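Overview (structure and organization)
Chain by chain, the residues:
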Amino acid sequence: TVPASPVTTSLQIQCRRGYERPNPLQVQCLPNSRWFPSATPECSPVQCPAQDHASLTVPGTTYLSLVNVSCKPGYHVKSSKMVNCTSTGDYFPQPSCAVIQEYCSALEDACGRSGIAAGSLNQTREVQCETGFSDPFPQTVTCLTTGQWTNMAPYCGSIRPVRSNTAAVIGAAISSFIGGLLTMFTLMLVWMKQNHKMKEAHVPAS
């Protein structure tokens, strides 16, 4: 709205709060009681730009409009689900999304493989095998945008032959026992030979 003014008055046209025009406009009242330039000044609603970040998407809109906040896979809405476009071209409240900590669910123990804890998007977990099983395949899994791991069924190889401590102790005892018997047998042979020679030495000549 332009107020009534005396002839030769110059005014700077300003838009109302929440509206704008690309260039400032100045008008002047002529002696014929008309404004120059005569074109009606146009003001457009302030634009709130679209947002497309790593975690969220907000469509562009205009002053006083409400829009929905959408989070990308692996995230959930942390702010209000609906935000308002303000007169400054910003959204209120500020839209934001947060990471879903358990986006990929946990995997239970299976066939010699230890369980895998739940994880967030792009998080990598090591696959571990229980004692007695060979190295896992694959060695790691990563949480995808689908909410699943890169491999939903990692596995461990066949059981490795493991020699227990008890078997090792028994084997050592047996070896020691056999060694002792052989030593005693050798000593007995030596003693028998020496005893035989002594007997021959004491036999009288005929």
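So, how was this worked out
- Residues numbered from 1 in each chain as written.
- Predicted model: local features only at pLDDT ≥ 70, side-chain atom pairs only at ≥ 80, totals over all residues.
- Heavy atoms only, no water.
- Helix = DSSP H or I, 4+ residues; strand = E, 2+ residues; numbered from the N terminus.
- Buried < 20%, exposed > 50% of the residue type's maximum accessible area, 1.4 Å probe, protein only.
- Contact = heavy atoms within 4.5 Å.
- Patch = residues over 30% accessible without salt bridge, like charges linked within 9 Å, V, L, I, M, F, W, Y side chains within 5 Å.
- Areas by Shrake-Rupley, 256 points an atom, 1.4 Å probe, with all protein chains shown as cover.
- Salt bridge = Lys/Arg side-chain N within 4 Å of Asp/Glu carboxyl O.
- Pairing = 2+ DSSP bridges.
- Phe/Tyr/Trp six-rings, centres within 6.5 Å; stacked < 30°, edge-to-face > 60°.
- Disulfide = S-S within 2.5 Å.

Here we look at the overall build of the chain
- Assigned secondary structure in the chain consists of one helix and 19 strands.
- The buried share of the chain, taken over its 206 residues, is 22%.
- Within the chain, counting contacts between residues at least 6 apart in sequence, those at least 24 apart form 36% of the total.

Points about a nonpolar patch on the surface
- Nonpolar side chains collect at one region of the surface, where Ile 170, Ile 174, Phe 177, Ile 178, Leu 181, Leu 182 and Met 184 lie side by side and expose about 720 Å² of accessible area between them.
- Structurally, Met 184 can be placed in helix H1 (residues 165–201).

Concerning the sheet that holds strand E14 (residues 91–92)
- Read across the sheet, three strands follow the order E10-E13-E14 without closing on themselves; strand pairing throughout is antiparallel. Of all strands in the sheet, those bounded by a partner on one side alone are strand E10 (66–68) and E14.
- Pairing geometry for E10 and strand E13 (residues 82–85), over three bridges, is antiparallel. Within E13, the position partnered with Leu 66 by the bridge is Asn 84.

Topic: unusual backbone geometry
- Look at the link from Phe 92 to Pro 93: it is a cis peptide, with omega at -10 degrees.
- Along the chain, Pro 93 falls in the loop between E14 and strand E15 (97–99).
- The step from Phe 137 to Pro 138 runs through a cis peptide bond, and the omega angle for that step is -10 degrees.
- Mapped onto the elements, Pro 138 comes out in the loop between strand E17 (136–137) and strand E18 (140–142).
- Here the phi dihedral of Cys 111 falls at roughly 50 degrees; this positive angle occurs in a residue that is not glycine.
- Within the fold, Cys 111 resides in the loop between E15 and strand E16 (124–126).
- A positive phi is found at Asn 122, a non-glycine position, where the angle reads about 70 degrees.

Looking at the packing of aromatic side chains
- One pass over the structure, following the stated rule, counts two aromatic pairs.
- Ring geometry for Tyr 19 versus Tyr 63: centroids 6.0 Å apart, planes at 80 degrees, classification edge-to-face. Of the two residues, Tyr 19 sits in strand E2 (residues 19–20) while Tyr 63 sits in the loop between strand E9 (61–62) and E10, which places them 44 residues apart along the sequence.
- Exposure remark for Tyr 19: the relative accessible area of 38% places this residue in the partly exposed category.
- Taking 5.9 Å as the distance between ring centres and 50 degrees as the angle between the ring planes, the aromatic pair formed by Phe 137 and Tyr 155 counts as tilted. Linking Phe 137 in strand E17 with Tyr 155 in strand E19 (residues 155–156), this pair joins segments that are 18 residues apart in sequence.

Describing the environment of Thr 145
- Residue placement: Thr 145 occurs in the loop between E18 and E19.
- C-alpha of Thr 145 to C-alpha of Lys 72: the two residues are 73 residues apart in sequence and 8.9 Å apart in space.
- Sequence-distant contacts of Thr 145, defined by excluding residues within four places in its chain, comprise Pro 73, Tyr 103 and Leu 121.

Re the state of the cysteines
- Tallied over the entire structure, the rule returns five disulfides.
- Bridging Cys 71 to Cys 97, the disulfide has an S-S length of 2.0 Å. Negative torsions about the S-S bond denote left-handed disulfides, and the value of about -90 degrees found for Cys 71 with Cys 97 makes this one left-handed. Of the two residues, Cys 71 is situated in strand E11 (residues 70–71) and Cys 97 in strand E15; the sequence distance between them amounts to 26 residues.
- You can call Cys 71 partly exposed: its relative accessible area is 24%.
- Shown here is the disulfide that connects Cys 129 with Cys 156, its sulfur atoms set 1.9 Å apart. Around the S-S axis, the bridge from Cys 129 to Cys 156 shows a dihedral of about -100 degrees and counts as left-handed. Of this pair, Cys 129 sits in the loop between E16 and E17 while Cys 156 sits in strand E19, and the two are 27 residues apart along the sequence.
- On the basis of relative accessible area, Cys 129 is assigned to the partly exposed category, the value being 23%.
- A residue is classified by how much of its surface remains accessible, and Cys 156, at 9% relative accessible area, is buried.
- The cystine pairing of the chain, numbering bonded cysteines in sequence order, is 1-2, 3-5, 4-6, 7-9, 8-10.

All we've got here are geometric facts, nothing functional implied.
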